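Chain residues, written in single-letter form:
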Amino acid sequence: MGSKELLLYDINDAVIHPPTSSNWEEKCFYGIIKSELLTKLNVAGHPEMFHDALLLVGTSFLPPFPPLHVEGIISSQPYTLTDAINLLRTSNRSVTATCSTFSDILDKYDRNWLTKYRKAKMSVKHCCTVTIDGVVHIRDWDNLSSDNSEYLGLQMPAELYHYLSKALVGPRIINCFVHLKWHILPTLDGVVSDEYKKLVTQSLLPLKETTAALVSSRIARATQFKDIEMIFWFDENLKKTLVHRNMQPQTNQQTDSWGVKDPQLKTQATATGTSPGTLSFALLALQSKDFPSATVYAAPAKGHVTGINSKTELQSNVLWRFLHLRGYINDQHQLTSWGKALATTLKAIGPSIKAYNDVHHLEEAAFLAFELLRFDNLNSRNRHPELIGAPLRGSDDDKANCILIGRTSCLLKLRHQNLGYTGPLSKNFLSFHSIIKEVRETDRDLLEGVLASLLLNGQGERPRDDCDGLGRRYVDRYCPDNYPLANRCSLPFSKDIDTSLGIAVKTYLDDFFKAEWTPEEREANKAEYIKKYLPHSVNFSEDLDVAFKFFDAVYEGVSTLGKEINEADKKVWDNAHAYLAKRR
């Protein structure tokens, strides 16, 4: 079952079209029988000509032959497979000759089309397939050219594909090496703001280079010398290059300095009252006086840390390595000013994490808040009044305060009944969600790069039977809120949190709240707000309280940053904190 592209490969004669909604209603399906199609097109004796015609009309990996779009050549538009076959017949069944015939059109629309065709042709001729019994087979292996990496892509180690199959790593890392391209995909909102463009074209590139460097240094050496091209959905002419070899050896030197084992972890778990493998533990443990120096691993000559075997050892060391690479921990394994600020926030929200079993994803939200601060995105600027859903009431300062609190709340999960979201909407906050999503996915890729690098280098036990508890297979949606936090997804940033709580908080403060209400009236009127705006929320009063406490905690951390942020931004946070205090 699939598209007509399957006719290019060795299939068992028939291709079934994916059923449409009407097919389900009619209880029928449609397809193509390859042998009948070849006979009908009169190309049964020329299978290569049939394949070339399929490529001429375009595939997912090759754009259509430009002359097919020209009405002077193909009068009946849209063109068909028969039109492509007729073009080939006039050129002695040669694509090269056909391109020569229409060279003027190719020069105008796509002068590199023939090169693209040749790569596509070779990728089909030598396609990789997996048999039913799991054997990987390359078509026409005996005639495989030496430059096959140019059209098949680079071959990754089987071990890396195993980690992909077990959800230890996601597809983005492997894709960027196979095709040497890193695609930035379209956003839900379709807005290309200046701050979004700066984030994806400048700010996040060093993180992506670091991720690539972590993995490339553990696989074939040739991979280290292959640059990766960034492709952006909003500008096909904008190109950026990831030169990941420039990130070594310092990247591995930082990560390989971590090799903390279970006895030390258990001691710090008791001292901090947190669980190993969580962000809170990773940061709060390093506030102990003698612990940072005890975590520094001095590798012998031509050696590296080994024996990171248990799940808690893997979780903890991966998080420490990640935080080190992100600048929250220095080379002496002590917290930097950003690390201390994040630790302050995590300590402040600790009671809420325990009270609600982190169902709101407070730990991840705290980290992302500081990431957004460092990328200059979590502020009250760039309000985009042209996008519906921004704060509208009060003074300009009130709007600035409201949008900052709302944006901070966008990082948290709103508990909602499982029947589809039924609350207010905001394209303004949806646009901000695109920024959050890019940062979250980039951080997740870096985490997976750290984990893959550790395992590929033999620093941890493998194979493992606990992969489901280490990777992307998130159990949050399948378990109750009181499910033990330590048994949920072990590494953060695997779940995309929507903007519903941020919109709900902004709507409450901007559209509903009245300053003259007494504390008793404020509490009583929350039920009216829920009935009017969020009738299917699980417990919005608690979620609102958590959002306010989370903002307080982030503010507490921001207040410790000193010169790390400018005075204007400090004042904005001070004003927003005072604004919120009057609306409790």
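Counting starts from 1 at the beginning of each chain's written sequence and moves along it residue by residue. Confidence filtering applies because this is a predicted model: local features only for residues at pLDDT of at least 70, side-chain atom pairs given and counted only at 80 or more, and all residues used for totals across whole chains, interfaces and linings. Note that the side-chain values use all heavy atoms of the structure and ignore hydrogens as well as water.

Observations regarding the overall build of the protein
Of regular secondary structure, the protein possesses 26 helices and seven strands. Dimensions of the protein along its principal axes, counting C-alpha atoms only, are 85 × 65 × 45 Å. Exposed residues in this analysis have more than 50% of their type's maximum accessible area, buried residues have under 20%, and partly exposed residues fall in between, with area computed by a 1.4 Å probe over protein chains only. When burial is assessed residue by residue, the protein has 52% of its 584 residues classed as buried. Across the protein, contacts joining residues at least 24 apart in sequence account for 72% of those joining residues at least 6 apart. Counting only carbon and sulfur atoms, one obtains 51% of the accessible surface of the protein, whose full area is about 27,700 Å². When charges are tallied, Lys and Arg are placed among the positive residues and Asp and Glu among the negative ones, while His and the ends of the chain are skipped. Taken as the charge centre is NZ of Lys, CZ of Arg, CG of Asp or CD of Glu, depending on the residue. Measuring between centres, the 68 positive side-chain charges of the protein sit 2 Å from its 70 negative side-chain charges. Helix and strand labels come from DSSP, where a helix needs a run of H or I of at least four residues and a strand needs a run of E of at least two; each type is numbered from the N terminus. Should any heavy atoms of two residues lie within 4.5 Å, those residues are considered in contact. For every accessible area listed, the method is Shrake-Rupley and the probe measures 1.4 Å; residues are considered covered only by the protein chains on display.

Brief notes about the pattern of salt bridges
We define a salt bridge as a contact between a side-chain nitrogen of Lys or Arg and a carboxyl oxygen of Asp or Glu at a distance within 4 Å. All told, the structure shown has 29 salt bridges when counted by the stated rule. Salt-bridge contacts for Arg326 lead to Glu371; the nearest nitrogen and oxygen are separated by 3.0 Å. Pair noted here: Arg326 is in the loop between helix 17 (311-325) and helix 18 (337-348) and Glu371 is in helix 20 (residues 362-374), with a separation of 45 residues, a long-range link. Here the two residues Arg326 and Glu371 agree in accessibility, since each one is buried. Among the salt bridges present, the one from Asp376 reaches Arg381, with a minimum N-O distance of 2.5 Å. The class for Asp376 is partly exposed, based on a relative accessible area of 35%. Three or more residues are tied together by salt bridges with common partners; here these are Arg172, Lys437, Glu441 and Asp445.

A few points about the packing of aromatic side chains
Two aromatic rings, drawn from Phe, Tyr or Trp (for Trp, its six-membered ring), form a pair once their centres lie within 6.5 Å of each other, and the interplanar angle then sorts them: stacked below 30 degrees, edge-to-face above 60, tilted otherwise. Applying the stated criterion across every chain, the model contains 25 aromatic pairs. Members of the aromatic cluster, connected to one another through ring pairs, are Tyr508, Phe512, Phe513, Trp517, Tyr529, Tyr533 and Phe540. Ring-over charges, as used throughout, are those where CZ of Arg or NZ of Lys falls within 6 Å of the ring centre and within 35 degrees of the ring normal. Taking NZ or CZ as reference, Arg374 lies 5.7 Å from the ring centre of Trp338, over its face. Above the plane of the ring of Tyr579 lies Arg583, whose end atom (NZ or CZ) is 3.7 Å from the centre.

Quick look at the pairing of strand 7 (residues 235-242)
Sheet topology places strand 6 (residues 228-232) next to strand 7; five bridges connect them, and they run antiparallel. The residue bridging Ile231 from the neighbouring strand is Lys239, located in strand 7. Strands were regarded as paired on the criterion that DSSP finds at least two bridges between them. Counting the residues between successive antiparallel strands, the hairpin from strand 6 to strand 7 contains two residues.

What to know about the environment of Pro292
Tracing the sequence through the fold places Pro292 in helix 16 (residues 291-295). Separated by 242 residues in sequence, Pro292 and Leu534 have C-alpha atoms that sit 46 Å apart.

Description of the packing of helix 21 (residues 396-409) against helix 22 (residues 427-456)
Where helix 21 meets helix 22, the closest approach of the two axes is 11 Å, and the angle between their N-to-C directions is 50 degrees. The pairing of helix 21 with helix 22 is recorded here as oblique in orientation. Where helix 21 crosses over helix 22, the handedness of that crossing is right-handed. Counted together, Ile403, Gly406 and Arg407 of helix 21 and Asn428, Phe429 and Phe432 of helix 22 form the full contact between these two elements. Under this grouping Gly is polar, as are all residues other than the nonpolar Ala, Val, Leu, Ile, Met, Phe, Trp, Tyr, Cys and Pro and the charged Asp, Glu, Lys and Arg. In the contact of helix 21 with helix 22, the residues fall into three nonpolar, two polar and one charged. The convention used is that axes are lines fitted to C-alpha atoms, helices contributing only their stretch in contact, and that angles between N-to-C directions extend from 0 to 180 degrees. In what follows, roughly perpendicular refers to angles from 65 to 115 degrees, roughly parallel to angles under 35, roughly antiparallel to angles over 145, and oblique to any angle outside these ranges. For a crossing to be left-handed, the near helix must be turned anticlockwise from the far one by less than a right angle; the clockwise case is right-handed.

Details of helix 20
For a helix, the expected span equals 1.5 Å multiplied by the residue count minus one. Taking 1.5 Å per residue, 13 residues should reach 18 Å; helix 20 reaches 18 Å between its end C-alpha atoms and fits that length. Of all 13 residues in helix 20, 12 are buried, a share of seventy percent or more. Positioned one or two residues after helix 20, Asp376 has a phi angle of 65 degrees, which is positive.

A look at unusual backbone geometry
With an omega of 0 degrees, the peptide bond between Gln77 and Pro78 qualifies as cis. Relative to the helices and strands, Pro78 resides in the loop between helix 3 (47-56) and helix 4 (81-89). Going from Gln248 to Pro249, the amide bond is cis rather than trans, its omega being 5 degrees. Mapped onto the secondary structure, Pro249 falls in the loop between strand 7 and helix 13 (250-255). Notably, Asp140 is not glycine yet its phi reads approximately 55 degrees, a positive angle. Within the fold, Asp140 resides in the loop between strand 4 (136-138) and helix 8 (149-152). Among the residues examined, Asp140 registers a relative accessible area of 28% and is labelled partly exposed. Unusually for a residue other than glycine, Phe493 sits at a positive phi of about 70 degrees. Relative to the assigned elements, Phe493 resides in the loop between helix 22 and helix 23 (500-512).

Quick look at the side chain of Lys526
Considering the arrangement of structural elements, one finds Lys526 in helix 24 (residues 519-533). Leave out the neighbours within four places in its chain, and Lys526 touches Tyr508, Ser541 and Leu544.

Quick word on the nonpolar core
Ranked by internal contacts, the top residues of the largest apolar core, which has 124 residues, are Trp320, Leu323, Phe540, Phe550 and Trp573. Tallying contributions element by element places helix 22 first for this core, with 13 residues. In this structure, Tyr79, Leu87, Leu88 and Tyr117 belong to the second largest nonpolar core, which totals 34 residues. Here, the term nonpolar core denotes a set of buried Ala, Val, Leu, Ile, Met, Phe, Trp, Tyr and Cys residues that are joined through side-chain atoms within 4.5 Å.

It is worth stressing that arrangement in space is one thing and function is another; only the former is reported here.
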